[in-house]
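# Structural description and commentary
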Amino acid sequence: MSFIVVENVGKIYGASAGGAPARVLAGVSFNIREGEFVALMGPSGSGKTTLLTVVGAMNHPTEGRVAVDGIDVYALSEERRADFRREYLGFVFQQHHLMPYLSAVENVMLPLATVRTPSREKRERAMAALGKVGLGSLAARLPNQLSGGEQGRLAIARAVVNAPPLLLADEPTGALDTRTGEEVMSVLLDLNARGQTVLLVTHNPDNAARAGRVLHMRDGALAGETAGVPRRPAAAGEVLMTTSS
Amino acid sequence: MRISTIAWANLRRRKSRAALLVAGVAIGIATAVALLTLSRSISEEIGLQLDQFGANIVVVPKSDQLALDYGGVAVAAAAFDVGELTDEDARRIREIPYANRLAVVAPKLLGAVDAGGRKVVVAGVDFESEYALKRWWRVVGEKPEGAGELLVGHDAAQALGLIEPAAEDASRPLAPTSTNTVDASQHATMSAEEHAAMSRAAPQHFRITRDRLTLSGREFRVAGVLAPTGGREDALVFAGLAEVQSLLNRPGRLSLVEVSALCKDCPVEDIVGQIAQKLPGAKVSALQQAVRARAEAVGRLTQFGAAVSAVVLLIAALLIFTTTTGAVVERTKEIGVMRAVGFRRAHIVKEMMLEVLAVSALGGALGWAAGAAASWALMPYFSQTGRGFEVDPALAGLALFAALAVGALSSLYPTLRASRLDPSEAVRHV
């Protein structure tokens, strides 16, 4: 059974503002199974990020339907959709978008700030997430005291701290050099190896090729699909993150 | 990690901006507190002094037959027995629930008597109460204290040939010149001690030439003559109440009772109502002119303070509004991230409101302290008695509430706007 169902999704910007409408998505349909690592590739302006935000319950499509784990996302109210994002989704942004005035561990705890859980438990979960991405020893540092790769891994830790079933990553290596980009990709691949469903938007064919499946986009529509590298599930207790901090 | 953690951390990040907001709120609240404290203290002082100025309630018998006029108040004719008041009525006035608000209760009996072939109106009074009530009286000679002594109004004394211009100043007019005249407004702002001092220092433009006066066949000593007041008392002859009751053959009877009520904190109408209830046979009237004059003076001060406070608080509100609006623009991406990771709109409002309310509370507390200190320092320049300054916990609470209200209201729109940001657009904001 598909975990994510995207049916005939279209998005037109400016349609309700009275300006000249711009269609950025048209008739997009695909499914993702639980545990899959899917890459979304395409040139700039092809609608990748828009599609990611539509799947991420942040951008109401003009037409079509998005269902995650059987939940019709856009049938939910605005506030319930916020709850859905907290419970089901983790976001990794290209610029990481870390809070510069919060420490690493506080940044990771951000999705838990609205959850009624004891602070100690929140901190333990955040530390565990930091540990997963190899940043356990840097918990007290501010984002500007971390390297680019560390910031990318910190953004991933924040995205997975609430154990979301789906991780959405929007070109997380786009602003990084090859080595630090590799750090971030390794973490994503390792998480996927543990069963994390990942939808990755990328320009980078090498990164896309490491996904289990690649969806190609052009001019707001799916132009095709190719198979990537088959992923193997991680063995129980296996150390996934090998990049040193 | 709570939403408050984010708010507090963001405040620490923007220390200078937070300090600016605290200063803005503090200045607004300090101004309001200082003006409110000063205007309230001055109002109380004016109220007290106006209360001392004279009667503001007059109790007269209910009667359709009105023949005498005293101090602008019509009084039932002495010739009619109907509707007269009694000494007991004056005593009962002291039994009303607001008795503690009654400064002076001055009973009087008025009547026409023969004074050496001339008819004069004699007023039987309790001199002690009368002096307390008529603080602007200036007596040439002595104040009557015992039985058989009179205080004669200037015009009556002149008509009865009791006075003549002072020998050393015979060329000057009988009445004091304008520089010596004390008008009502001056009286209103003078303390009792100042009245007494003025009375002692009053220039004597006339002197008493005859200190004996026979009223209806009974001889009295003219202890003193009133300097001209411009009022009805200039034409009256004052004697002890019991003596006049005896002279007019009306033992225990009264024509009217003048009451000075301390009405700072109570409506004079309430006291009027209570006296009327106590004395169903009497007509109780408030001298609205004095009350209104006081209310107007107090009201203008309060309005001035309120207007200036409102302007300053409005400026503080605009400062918060513009700063918060700027913060929303500056933090658009952060807000988008928070929305993306599951913050509801209400969570965004809460986070931003917490920041504003923390700043407002601090500004309110500092503003109250600064305002209280300023009013303490400025009080001697605005108040003759220097009284009135005291730490008022209610005002502190009000200042804090006002600061929070200004902060909340002025940041409401930008905060709501922040909560309505489209998360997908916000995270792409440059």
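This paragraph deals with the packing of helix α12 (residues 345-382) of chain B against helix α13 (residues 393-419) of chain B. All names here are of chain B. Running from amino to carboxyl end, α12 crosses α13 at an angle of 150 degrees, the nearest separation of the two axes being 8 Å. Here α13 runs roughly antiparallel to α12, going by the angle between their axes. Viewed along their axes, α12 and α13 form a crossing whose handedness is right-handed. For the contact of α12 with α13, the residue count by class is 20 nonpolar, eight polar and one charged.

The next thing to look at is unusual backbone geometry. Across residues other than glycine, the phi torsion is negative in most instances, and most of the peptide bonds are trans. Residues and elements named next belong to chain A. The backbone phi angle of His96 is positive, close to 70 degrees, even though this residue is not glycine. With respect to the helices and strands, the residue His96 is situated in the loop between β6 (89-92) and α3 (104-109). His96 sits in the buried class, given 22 other C-beta atoms within 10 Å. One non-glycine residue with positive phi stands out, namely Asp219, at about 50 degrees. Mapping Asp219 onto the fold places it in the loop between β9 (213-218) and β10 (221-227). Judged by the 14 C-beta atoms lying within 10 Å of it, Asp219 is partly exposed.

Before going further, it helps to spend a moment on the interface of chain B and chain A. Across the boundary between the two partners, chain B contributes 22 residues, which contact 24 residues of chain A. Contributions of two or more residues to the side of chain B that touches chain A are made by α1 (3-13), α11 (332-340), α12 and α14 (423-426) of chain B. The element best represented in the side of chain B that touches chain A is α1 of chain B, accounting for six residues. Of the residues in the side of chain B that touches chain A, the class split is ten nonpolar, five polar and seven charged.

Residue and element names in this part refer to chain B. The predicted model of chain B averages 79 in pLDDT, with 78% of residues at 70 or higher. Here residues 77-81 is a poorly scored stretch, pLDDT under 50, and it has twelve contacts once near neighbours within four places are set aside; other chains count. Counting contacts from residues 169-202, a segment whose pLDDT is below 50, to residues more than four positions away or on other chains yields 33 contacts. With a pTM of 0.63, the predicted complex shows an ipTM of 0.85.

Attention now moves to the packing of helix α5 (residues 148-160) of chain A against helix α6 (residues 178-193) of chain A. Residue and element names in this part refer to chain A. The interhelical angle for the contact between α5 and α6, taken along N-to-C directions, is 25 degrees, at an axis separation of 7 Å. Judged by the inter-axis angle, α5 sits roughly parallel to α6. For the element pair α5 and α6, the recorded crossing hand is right-handed. Within the contact between the two elements, α5 uses Gly148, Gly149, Gly152, Arg153, Ile156 and Val160 and α6 uses Thr180, Glu183, Val184, Val187, Leu188 and Leu191. A breakdown of the residues in the contact of α5 with α6 according to their chemical character gives six nonpolar, four polar and two charged.

So, on to the sheet that holds β9 of chain A. Residue and element names in this part refer to chain A. Taken in spatial order, the six strands of this open sheet run β6-β7-β8-β3-β9-β10, and their pairing is mixed. The open sheet has two edge strands with one neighbour each: β6 and β10. The sheet shows a mean angle of 20 degrees between the axes of neighbouring strands, direction not considered. Relative to β9, strand β3 (residues 37-41) runs parallel, the two sharing four bridges. Considered in β9, the bridge of Ala39 is made with Val214. In the packing of α5 onto the sheet, the strands contacted are β6 and β7 (166-170), and the crossing angle to β6 comes to about 165 degrees.

Basis of the calculations
Residues numbered from 1 in each chain as written. Chains lettered and ligands numbered in written order. Predicted model: local features only at pLDDT ≥ 70, side-chain atom pairs only at ≥ 80, totals over all residues. Axes fitted to C-alpha atoms, helices over the stretch in contact; angles between N-to-C directions. Helix = DSSP H or I, 4+ residues; strand = E, 2+ residues; numbered from the N terminus. Parallel < 35°, antiparallel > 145°, perpendicular 65-115°, else oblique. Left-handed = near helix turned anticlockwise from the far one by under 90°. Nonpolar A, V, L, I, M, F, W, Y, C, P; charged D, E, K, R; others polar. Buried ≥ 20, exposed ≤ 12 C-beta atoms within 10 Å, placed from the backbone. Contact = placed C-beta atoms within 7 Å. pLDDT = per-residue confidence, 0-100. Pairing = 2+ DSSP bridges.

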